[in-house]
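# Coordinate analysis (summary)
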Amino acid sequence: MPSEKIPAIVLGGTGYVAGELIRLLLAHPHFELTSVVSQSAAGQQVGDIFPHLAGVSKSLAFDTNDNSLADAAKQDQVALFSALPHGEAAPILKQWIESGPAGMKVVDLSADFRYADAKQFEEIYGISHPTPELLSEFTCAIPELHKAPVPKHAVQPGCFTTAATLACAPLAALGLASSFVVNGVTGSTGSGRTPKSGTHHPDRHSGMWAYELLKHRHTPEMKMFLGRLRPEGEPKLVFLPHSGPFARGIHATVYAETQSAATTEELIESYTAFYADCPFISVSASMPSVKHVAGSNRAHIGIAAQGTQVAVVCVIDNLIKGAAGGGIQWMNRIFGFDETAGLMQAAVGWT
């Protein structure tokens, strides 16, 4: 394990997820944030784009991709985080992988490397994959559910996928249920920093609505991850996404019917054992709120059962556990650090 801090670089540096990567990396014990790349904001101070970071980002300024890559190529090791949009990440990451240092590791937070099959990506996202030759170099998984050796480069799944899969995984892996209905609610930050009708405050405030019912692009992700846990392959799964009137968080409620009757206490025991070595996951009979996890890398799971009917609630912070924090959790593991390093902040509580 390296004795000195490893240089860390963030690509796509002006979005919400990038802002959380910057905030967390500035206080990380093993990574040193040396560059934040943004073509549109190059030369500007990070604190000007993210005023809440002005007191801690000091003189850190946004850099161009070419300058950052040239500096990184002089290093032995680099931790590269990509917060670039879907479709834009792959070609830029190809440039970095081809020209960066041999000891560089990548964690991508976009959808570009979530599927090993380029055709599946094209079917879901409606564009040809920019770099199909690199797909085999990336492993997409939720850290808590990936028990194999750590990958060369990792991909953090989407925030909806993370919450829903964590809620369903024990039922699927233990053969307790084979069909799931997932109702998910996301905060407005899940739509990105660029204003849209769905994130405009007068529309979002005090309102909630469903969208892309039965056809959301995260559905195949959920089925793919749960299929890895079952000898029978992918389960049946219906996903019903909603936009909620809060800024950050995912609230996923899963309904399933078990093969045989089970009590709440029995299922809590099964879930607790399943996630025994997962420091960021808590399980109880109490129903969690997004306020319990906002600002943290934690996932809180609540369970209720009656006969063969089971309801499981999982809440996460979409920007942290569902993106930046999960990405840092991956990078910790790839470099051999404790996966909790730099991620043990408690939730804010009142947002």
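As shown above, the structure is provided for reference.
Summary of the structure given here. (Residues numbered from 1 in each chain as written. Predicted model: local features only at pLDDT ≥ 70, side-chain atom pairs only at ≥ 80, totals over all residues. Heavy atoms only, no water.)

What follows is about the sheet that holds strand E3 (residues 62-63). Taken in spatial order, the 7 strands of this open sheet run E3-E2-E1-E4-E5-E7-E6, and their pairing is parallel. Either end of the sheet is taken by a strand with one partner, and the two such strands are E3 and strand E6 (138-140). The pairing of strand E5 (residues 103-108) with strand E7 (residues 153-155) spans 2 bridges and is parallel. Counterpart to Val107 in the pairing with E7 is Ala154. Relative to the sheet, helix H11 (residues 320-334) contacts strand E2 (31-37), strand E4 (77-82), E5 and E7, its axis offset from that of E5 by approximately 150°. (Pairing = 2+ DSSP bridges. Helix = DSSP H or I, 4+ residues; strand = E, 2+ residues; numbered from the N terminus. Contact = heavy atoms within 4.5 Å. Axes fitted to C-alpha atoms, helices over the stretch in contact; angles between N-to-C directions.)

Under the criterion given, the structure shown has 10 salt bridges. Here Arg248 and Glu20 are joined by a salt bridge, their closest N and O atoms 2.5 Å apart. Taken together, the residues span a long stretch of sequence, with Arg248 in the loop between strand E10 (236-243) and strand E11 (250-257) and Glu20 in helix H1 (residues 16-25) at a distance of 228 residues. Judged by its relative accessible area of 5%, Glu20 falls in the buried class. Lys74 is the partner of Asp71 in a salt bridge, and the nearest nitrogen-oxygen pair spans 4.0 Å. For Asp71, a relative accessible area of 42% translates into the label partly exposed. Look at the salt bridges and you will find they share partners, linking Glu20, Arg23, Arg248 and Asp317 into a network. (Salt bridge = Lys/Arg side-chain N within 4 Å of Asp/Glu carboxyl O. Buried < 20%, exposed > 50% of the residue type's maximum accessible area, 1.4 Å probe, protein only.)

This part covers unusual backbone geometry. What is expected of a backbone is that most residues other than glycine have negative phi and most peptide bonds are trans. Even without a glycine there, the phi angle at Ser206 is positive, about 60°. Of note, Ser206 is situated in the loop between helix H8 (201-204) and strand E9 (209-210). Backbone geometry places Leu214, a non-glycine residue, at a positive phi of 70°. In this structure, Leu214 sits in the loop between E9 and helix H9 (219-227). Overall, the relative accessible area of 65% leaves Leu214 in the exposed class.

For the rest of this paragraph, the subject is the packing of aromatic side chains. Counted under the stated rule, the structure contains 8 aromatic pairs. Ring geometry for Phe31 against Phe81: centres 6.4 Å apart, planes inclined by 85°, an arrangement best described as edge-to-face. One end of the pair, Phe31, is in strand E2; the other, Phe81, is in strand E4, and 50 residues separate them in sequence. Each member of the pair, Phe31 as well as Phe81, carries the same accessibility label: buried. Aromatic ring contacts, followed pair by pair, group Phe31, Phe81, Phe335 and Phe337 into a single cluster. (Phe/Tyr/Trp six-rings, centres within 6.5 Å; stacked < 30°, edge-to-face > 60°.)

A few words on the nonpolar core. Core analysis: the biggest nonpolar cluster contains 37 residues, and Leu171, Phe180, Tyr275, Ile301, Val312 and Cys314 have the highest contact counts within it. Put simply, the parts of the chain that give this core at least two residues each are helix H7 (159-173), strand E8 (179-186), H9, E10, E11, helix H10 (264-274), strand E13 (299-306) and strand E14 (309-316). With 10 residues, the top contributor of residues to this core is H7. Ignoring anything within four residues of it in the chain, the contact list for Val312 reads Ala167, Leu171, Ala252, Thr253, Val254, Tyr271, Ile301, Gly302 and Ile303. Val10, Leu25, Phe50 and Leu53 belong to the second largest nonpolar core, which has 34 residues in total. (Core = buried A, V, L, I, M, F, W, Y, C linked by side-chain atoms within 4.5 Å.)

Taken together, the side chains of Val181, Leu213, Leu214, Val238 and Tyr255 define a hydrophobic patch exposed on the protein surface, amounting to about 410 Å² of accessible area. Turning to its location among the elements, Leu213 is positioned in the loop between E9 and H9. What makes Leu213 partly exposed here is its relative accessible area of 42%. (Patch = residues over 30% accessible without salt bridge, like charges linked within 9 Å, V, L, I, M, F, W, Y side chains within 5 Å. Areas by Shrake-Rupley, 256 points an atom, 1.4 Å probe, with all protein chains shown as cover.)

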